[in-house]
Amino acid sequence: QNVGCRTLSLSAHVGFDSLPDQLIRKSIKHGFCFNILCIGETGIGKSALVSSLFNTNFEDSPSTHFLSNVRLRAQTFELQESNVLLKLTVVKTVGFGDQVNKADSYQPIVDYIDAQFEAYLEEELKIIRSLFSYHDTRIHVCLYFISPTGRSLKTIDLLTMRSLDSKVNIIPVIGKADSISKTELQEFKKKIMSELVSNGIRIYQFPTDDETVSEINTITNAYLPFAVVGSMEKVKIGDKMVRARQYPWGIVKVENENHCDTIKLRRMLCTNMEDLKEKTRAYYESYRRCRLEKLGCRDIGPENKPVSLQEVIEAKRREFCLEMEREEEEIKQRFVQRVNEKAAVLEEAEQQASMPVLTKSECLMLMHQEEELKLGEKKKLLEDEIAQFIEKKAITESIKSQVSVSTPVVSWKTQGLQKVSADA
Amino acid sequence: PHAGPVESKNEAAMSELVPEARQKPVVPMKPMGINASLLGYIGIDTIIEQMRKKTMKTGFDFNIMVVGQSGLGKSTLVNTLFKSQVSRKSSGWNREEKIPKTVEIKAIGHVIEEGGVKMKLTVIDTPGFGDQINNENCWEPIEKYINEQYEKFLKEEVNIARKKRIPDTRVHCCLYFISPTGHSLRPLDLEFMKHLSKVVNIIPVIAKADTMTLEEKTEFKQRVRKELEVNGIEFYPQKEFDEDLEDKTENDKIRQESMPFAVVGSDKEYQVNGKRVLGRKTPWGIIEVENLNHCEFALLRDFVIRTHLQDLKEVTHNIHYETYRAKRLNDNGGLPPMTVETEENHESNL
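Residues numbered from 1 in each chain as written. Chains lettered and ligands numbered in written order. Predicted model: local features only at pLDDT ≥ 70, side-chain atom pairs only at ≥ 80, totals over all residues. Heavy atoms only, no water.

Per an unreviewed UniProt entry, the recorded name for chain B is Neuronal-specific septin-3, and the organism is Dicaeum eximium. Turning to chain B, the UniProt annotation filed under Sequence similarities (unreviewed entry) states: "Belongs to the TRAFAC class TrmE-Era-EngA-EngB-Septin-like GTPase superfamily. Septin GTPase family." A UniProt comment under Subcellular location (unreviewed entry) is attached to chain B, and it reads "Cytoplasm". (UniProt positions renumbered as here; feature names shortened; annotations may be inferred.)

Chain A appears in an unreviewed UniProt entry as SEP10 protein from Dicaeum eximium. Quoted straight from UniProt, the Sequence similarities (unreviewed entry) entry for chain A says "Belongs to the TRAFAC class TrmE-Era-EngA-EngB-Septin-like GTPase superfamily. Septin GTPase family."

Okay, structure coming up:
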């Protein structure tokens, strides 16, 4: 990986050996998450096992046998052990194996697993994304519950596991294993494993490449499938309360490795969590590859020139955006149109409603105005007449006064004047 | 001085001069909400060991860039930080060699190992920065290089069949060397930091701090901090990326008191009080690089390497890279992607 890089020796302590601690500190702050899928028939003990694995009673209501199809129910819990905070999601099948026709039973499960991959892919492809705070719901491990018949695997088991083995880590377990005797159990386990191999079903193998764990993992691999017993109840043994199942002939202790493999399963799940997540990432990558290839993306396009995935996505996105814009415009236009229509209608109605009122008052006003004018005119006429009358009176009075002043005789001039004035 | 875990002889010698950075407690300060309580040991906490094993196996990448005018001691400082000749010193420009006409970008990678932890360290030098008569836009080649690394990563990430571990050449940390004028920041400093603080984590460093007295140093640092604030330059650790109260109190102290670190670098050892220390010998005394009374080199080293190394990478990945990616995918729409060799659409990105 480090091509062309010299290895240098340090002359003193630098301090970057604290890097794993820095990383761990951040991871602890951020918290961890783990997602388990339990597939099994109704009543096979899925809830009891999960509760026993994590020594906590996860409340869940028992389901009926009469569901028409297989559904999945997911519940998330927060567990804390010392400074590790774990967000545990447990997904259980509901109604698995209850239908008369089980041909499609596995499909909802496959769809669920794909849906989680799809959700992650969607987030990854977003332009503004927050992968750091994204709650990863991809299934990290699938516990497949085999019925404790003691014979062999059922067809539905083979069908389901085959449809899932390229998408998820499968760990087969034998549920309610306290109903099988020890010798029968050995035979049963051998039979199951050989059937899995002959059907080409890949199950999860605990990693054996790291020397520190390879020995214990190889030994544990030989115990597959795990014969598990779970219990929600506790029984008093000595002075302690332990998870157990009490029978008339004895007590099956869940945490006793001689009685069942539940503790082995717990240990393996916990100590290989990181590896399970790593392999899930690899499954996700192949899902992503298929999905993107289906969308028509290629890493090398025609003429062998590298084609970018983002080009295709961008082209599609632009198409989509343009489409959205077009639709938006359309809707806007329609809206504007309707608004205008409505406005016109309203205006008309308004006009009609208010017109008579206006005209009436207008009429009244007009009438009033006309009356005023008429009166004004009359007033003027009267005033004119009064003025004329006053004038006439003044003239008459002045003539009267002139006549009385002119009687004392003065000379033939004044006579003449008189005559003239009399004539005038 | 508080001595932490002793790891080697050198460590023991220096622990009396320099207070060891306390190993950060692995337990988070506040307990988190519990829905279902566990009784009895399950083994969930083994995930910590699994993580540690995994990271030790895969190793780490770290890319550090140094920017500053020539002669400010960049190479010496980087060599002192990583206690090895990771950066070849340019012993001044030879008469025959000319000062580069533009800023050059030189990236040299080394693999170093300590305590089982393998690190691929790449030091990116920028000779020619600030050395021309006209230094306008001399940050552009640097910004271009940084964006090219984001582009490289993006291309890998966007491939259909992609590598399990994408090689990380992105610049995680950019040490910007400030000349110890004692007055204020130069316009070039402000220009560079204004442009680049938005694309990369910048850690400003006062170079050759042995030319200032303690009072001058304190005043200069205050002035520099003020100027950076006034100009809206957010250096690392950026306020907005403090994750929680614990981070904030720790980083506030660093932002408001310690930074910018006034450093002195040296790769020569001298005998002081019977111990061998890294230092600079002058007629008036030996300046001990790792002595906190003499300079703040140890603070810088602890900050960058011992406490915030992982955070530098995370801020680069979660924030700077995401910003670049979002801009790229938005702006370029169905245009052909930018290739690293030919930069047709580069202008549009900037």
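Engineer: Describe the overall build of chain B, and please don't skip the residues or the numbers.
Structural biologist: The number of helices and strands found in chain B is 10 helices and nine strands. Counting across all 350 residues of chain B, residues that qualify as buried make up 53%. If you take every contact in chain B between residues at least 6 apart in sequence, the share linking residues at least 24 apart comes to 68%. Carbon together with sulfur atoms contributes 53% to the accessible area of chain B, which is approximately 16,700 Å² in total. (Helix = DSSP H or I, 4+ residues; strand = E, 2+ residues; numbered from the N terminus. Buried < 20%, exposed > 50% of the residue type's maximum accessible area, 1.4 Å probe, protein only. Contact = heavy atoms within 4.5 Å. Areas by Shrake-Rupley, 256 points an atom, 1.4 Å probe, with all protein chains shown as cover.)

Engineer: Please give an account of the packing of helix 3 (residues 106-125) of chain A against helix 8 (residues 273-294) of chain A that cites residues and values.
Structural biologist: A pair of packed helices can be characterised by two numbers: the angle between their axes and the separation between those axes. Residues and elements named next belong to chain A. At a closest axis distance of 10 Å, the pairing of helix 3 and helix 8 adopts a crossing angle of 75°. Judged by the angle between their axes, helix 3 and helix 8 are roughly perpendicular. Each of Asp114, Phe117, Glu118, Tyr120, Leu121, Glu124 and Leu125 in helix 3 lies in contact with helix 8, whose residues at this interface are Thr280, Tyr283, Tyr284, Tyr287, Arg288, Arg291 and Leu292. Partitioned by chemical class, the residues of the contact of helix 3 with helix 8 number eight nonpolar, one polar and five charged. (Axes fitted to C-alpha atoms, helices over the stretch in contact; angles between N-to-C directions. Parallel < 35°, antiparallel > 145°, perpendicular 65-115°, else oblique. Nonpolar A, V, L, I, M, F, W, Y, C, P; charged D, E, K, R; others polar.)

Engineer: Quick one: what's the story with the side chain of A:Asp157, residue by residue and with numbers?
Structural biologist: Residues and elements named next belong to chain A. Mapped onto the elements of the fold, Asp157 is located in helix 4 (residues 155-164). The charged side chain of Asp157 is buried without a salt bridge, its nearest counter-charge being Lys154 at 5.8 Å. Setting aside residues no more than four positions away along its own chain, Asp157 makes contact with Tyr144 and Ile146. (Lys, Arg positive; Asp, Glu negative; His and termini not counted. Salt bridge = Lys/Arg side-chain N within 4 Å of Asp/Glu carboxyl O.)

Engineer: Run through the packing of aromatic side chains, naming residues and quoting values.
Structural biologist: According to the stated counting rule, one finds 16 aromatic pairs over all chains in the structure shown. With 5.0 Å between their ring centres and 85° between their planes, A:Tyr120 and A:Tyr284 make a pair best called edge-to-face. Here A:Tyr120, found in helix 3, pairs with A:Tyr284, found in helix 8; they are 164 residues apart in sequence, far enough to count as distant. By the burial criterion, A:Tyr120 is buried, and A:Tyr284 matches it. Ring plane angle 55° and centroid distance 6.3 Å describe the contact between B:Tyr150 and B:Tyr321, whose orientation is recorded as tilted. (Phe/Tyr/Trp six-rings, centres within 6.5 Å; stacked < 30°, edge-to-face > 60°.)

Engineer: Lay out the confidence of the model for chain A in plain terms, naming residues and giving numbers.
Structural biologist: Residues and elements named next belong to chain A. Averaged over every residue, the pLDDT of chain A is 84; the share at 70 or more is 87%. Element-level mean pLDDT values for chain A span from 47 in helix 10 (residues 412-423) up to 95 in strand 5 (residues 141-146). A low-confidence stretch, residues 301-307 (pLDDT under 50), is modelled with eight contacts involving residues beyond four sequence positions or located in other chains. For residues 409-424, every residue scores under 50 in pLDDT, and the model assigns this stretch three contacts once sequence neighbours within four places are set aside. (pLDDT = per-residue confidence, 0-100.)

Engineer: Requested: an account of the domain arrangement of chain A, with residues and values cited.
Structural biologist: Splitting chain A by domain gives domain 1 (19-295) and domain 2 (303-375). Its C-alpha centre places domain 1 of chain A at a distance of 61 Å from the equivalent point of domain 2 of chain A. (Domains from an automatic or database assignment.)

Engineer: Tell me about the environment of A:Lys234, and name the residues and values.
Structural biologist: Residue and element names in this part refer to chain A. Of note, Lys234 is situated in strand 8 (residues 234-237). We classify Lys234 as partly exposed; its relative accessible area is 36%. In this structure the C-alpha to C-alpha distance between Lys234 and Val254, which are 20 residues apart in sequence, comes to 9.8 Å.

Engineer: Let's hear about the side chain of B:His320: which residues, and what values?
Structural biologist: In this structure, B:His320 sits in helix 9 (residues 309-332). B:His320 has contacts with B:Tyr150, B:Ser197, B:Lys198, B:Val199, B:Val200, B:Asn201, B:Gln238 and B:Val315, leaving out every residue within four places of it along the chain.

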